[in-house]
Amino acid sequence: MSKEYIIDLRLIRDGGLKAVALITDAEGNEIDIITFESLYMHKSGICHSTLDKAAKVVAEHGGKYISLKTNFIPLHKDFSQRRNNFPLTKITRQRLQEYGVTIKDAELINNDPETGLVL
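Overview of the structure. What you see is a predicted model; the values in this text were computed from it and never measured.

Attention now goes to the overall build of the protein chain. Secondary structure assignment for the protein chain yields three helices and five strands. Considering only intrachain contacts with a sequence separation of at least 6, the fraction spanning at least 24 residues in the protein chain is 61%. Of the accessible surface of the protein chain, which amounts to about 6,600 Å², a share of 48% is contributed by carbon and sulfur atoms.

Structure below.
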């Protein structure tokens, strides 16, 4: 069982605004897909909530480290530059700590206008 997992989290427009997270292990095997949307949350809230749910799945599979890939610039900055001044980031970091997982690195994925991805 691998200790490192990859979360590919993308914010998309599909009628409304939602986030989709594909969770794979280090060998590229699909573990789960998390979809989250809310009419009452802004982009950051949707992304952080989706990341929280995906991290919990990683922890349930015995994972310890996450490589985060995202197309949402603020989420990328929160975890690549270790910003802690945003309240959602503090909450998400606390939840990850509770789950026993750490975001090892964060990669920004480019926007693809044909699929409706937003940054």
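When we look at burial in helix 2 (residues 73-80), the residues that qualify are Leu75, His76, Asp78 and Phe79. Buried positions in helix 2, seen along its axis, are confined to an arc of 160° and lie on one side of it. Packing partners of the buried residues in helix 2 comprise strand 1 (4-14), helix 1 (43-60), strand 4 (65-70), helix 3 (87-99) and strand 5 (102-108).

The rules behind these values
- Throughout, residues of each chain are indexed from 1 in the direction in which the sequence is written.
- Local features in a predicted model are, by the rule used here, given only for residues with pLDDT of at least 70; side-chain atom pairs are given and counted only at 80 or more, and totals for whole chains, interfaces and linings are based on all residues.
- Note: side-chain values were computed over all heavy atoms of the structure, leaving out hydrogens and water.
- A helix here means a DSSP run of H or I that spans at least four residues, while a strand means a run of E at least two residues long, and both kinds are numbered starting from the N terminus.
- Whether two residues touch is decided by their heavy atoms; if any such pair falls within 4.5 Å, the residues are in contact.
- For every accessible area listed, the method is Shrake-Rupley and the probe measures 1.4 Å; residues are considered covered only by the protein chains on display.
- Each residue's exposure class comes from its accessible area (1.4 Å probe, protein chains only) as a fraction of the maximum for that residue type: buried when under 20%, exposed when over 50%, partly exposed otherwise.
- Throughout, the arc means that of the directions going from the helix axis to the C-beta atoms.

None of this, on its own, says anything about what the molecule does.
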